[in-house]
Amino acid sequence: MRVWTAGVFEVLRSAAAVVAVTVLAAVAAVRPGAAEPQEVPLYHFSAAGYRGLLIYASVGGGPLVPFLFDTGSPAMFSTYGRWWPGYGKLIDERGEDKIEFASGTVYHYDPVTTAVSVGTRGGRVVATAAAASIGRITNVDDQSPRRSFRLWARNVEAGRPPLSVDSTYGNFGAALHGDASFGTVMTQFPLKKGLKRGFVVQSGGRDAKVGRLTIGLTEEMIASFRLRLPMAPTGERLPGIGTADGPPGYLKAQVANTVVRLERGGKHWSGVIPTVFDTGGGDGTWAYGSSVPRDTFVKADSNEARNGTAFDLRYAGTSLLAYRSGNTPARGILGFIPASADDLRINPGILMFYTYDVMFDLDDGFIGLRPATKLGQ
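Residues numbered from 1 in each chain as written. Predicted model: local features only at pLDDT ≥ 70, side-chain atom pairs only at ≥ 80, totals over all residues. Heavy atoms only, no water.

Novice: Please set out the sheet that holds strand β20 (residues 334-337) residue by residue, giving values where relevant.
Specialist: Judged by pairing direction, the sheet is mixed, and its 3 strands sit side by side in the order β20-β17-β21 without closing on themselves. Lying at the two open borders of the sheet, with one neighbouring strand each, are β20 and β21 (345-347). Recorded for the sheet is a direction-independent mean angle of 15° between the axes of neighbouring strands. (Pairing = 2+ DSSP bridges. Helix = DSSP H or I, 4+ residues; strand = E, 2+ residues; numbered from the N terminus. Axes fitted to C-alpha atoms, helices over the stretch in contact; angles between N-to-C directions.)

Structural data, given as structure tokens:
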């Protein structure tokens, strides 16, 4: 049985060199006649106080419906019903595999091969992977397959998406850990000749309504991301299209040598904590498994930092994110979750994507950051 764990539901002081490329980043163009990447809208949403991005996707040639766009989850996981042609009837057996998210939600699923398309909320398909391996969810948490299926159907009949927790049809995972038989659909969309493997996530900023996902990289695009953070390889290969080998996989804690600094009341603490770049991480910053002095920095009755704690996330001497903890969503929420040393990581969630355009360069093995580009609405 395959068991995954994922980080779903999990100001800016950039270096002068990064700020200097803002204009270049916004207007970086593709050479005339060169292959153009595919651009897919990402839609901002808020559900029960949780902020994230939606991507519209279809399975099996069905309609485009909303999925949580989640760079902290390794693969696509979809509920099933009439929106998935060929799987409209109850599957009364629990899936052999499961994934548990940081929120505690568990999906039981079976890997299946199907066509997956992504596109616009209005129904226009932009890119299609003809035979992608994804997870067909049979049931959620301890519910029986029958109960999950009936709940999904009731929600859809009432005009709501099947999953009430985030108002989606499932999770469109785009993390980079997995293996050649099961991993992100992002590596399975065909690319035009001349494009490099990878993708760019642009939220458009905190107040935007629509962001953008760019599939495939040009040399011009790569050059516009001056701040680069190396990812740690897993030694595995991800599913790929058009090549004998898929692209390399990378650890979930995608950048290992980031430094967290805390200050409150004249007391200081710092530690090296791997950073996860996770669009599904929610609207707070959460550190797992760190040895932060709880009496100094953490509230006695919760895992949240004491108000006014100065937080600074740094890489190679450059401050990536800096703010004081408080109650401002997607900016001031900071927390520390006790966990084992093996789980050591920090997840800035959607805040990292509000602050930066984020490029995942698969072939070269690094994450690129540039100040978030404001997009037309």
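Novice: Go over the pairing of strand β6 (residues 97-101) with me, naming the residues and quoting the values.
Specialist: Judged by which residues are buried, β6 turns out to be one-sided: D97, I99 and F101 face inward and are buried, whereas K98 and E100, on the alternate face, are not. The turn linking β6 back onto strand β7 (residues 106-119) is made up of 4 residues, and G104 within it adopts a positive phi angle of 100°. (Buried < 20%, exposed > 50% of the residue type's maximum accessible area, 1.4 Å probe, protein only.)

Novice: If you had to explain the pairing of strand β2 (residues 38-47) to someone new, which residues and values would you point to?
Specialist: Counting buried residues in β2 gives 7 out of 10 residues, a clear majority hidden from the surface. The pairing of β2 with strand β11 (residues 210-217) spans 6 bridges and is antiparallel. Across the sheet, E39 pairs through a bridge with T214, a residue of β11. The sheet contact formed by β2 and strand β3 (residues 50-59) spans 5 bridges and is antiparallel. Looking at β3, one finds that H44 is bridged to L53. Remark: 2 residues form the turn of the hairpin made by β2 and β3, two consecutive strands paired antiparallel; A48 in that turn has positive phi of roughly 55°.

Novice: An account of the sheet that holds strand β18 (residues 310-315) is requested, with residue identities and associated values reported.
Specialist: Across the sheet, 4 strands lie side by side as β16-β15-β18-β19; this open sheet has antiparallel pairing. The outermost strands of the open sheet, each flanked by one partner alone, are β16 (267-272) and β19 (318-324). Adjacent strand axes in the sheet meet at a mean angle of 15°, parallel and antiparallel pairs treated alike. Pairing between strand β15 (residues 259-264) and β18: 5 bridges, direction antiparallel. Bridge pairing links R261 to D312 in β18.

Novice: I'd like a rundown of helix α3 (residues 145-157), residues and numbers included.
Specialist: Between the first and last C-alpha of α3 there are 18 Å, a value that for 13 residues agrees with the 18 Å anticipated at 1.5 Å per step. Within the span of α3, buried status applies to P145, S148, F149, W152, N155 and V156. End-on, the buried residues of α3 take up no more than an arc of 130°, which puts them together on one face. Exposed residues on α3 whose side chains face more than 90 degrees from its buried face are R147 and E157. Of the surrounding secondary structure, the elements contacted by the buried residues of α3 are β8 (125-140). (Expected span 1.5 Å × (residues − 1). Arc of directions from axis to C-beta. Contact = heavy atoms within 4.5 Å.)

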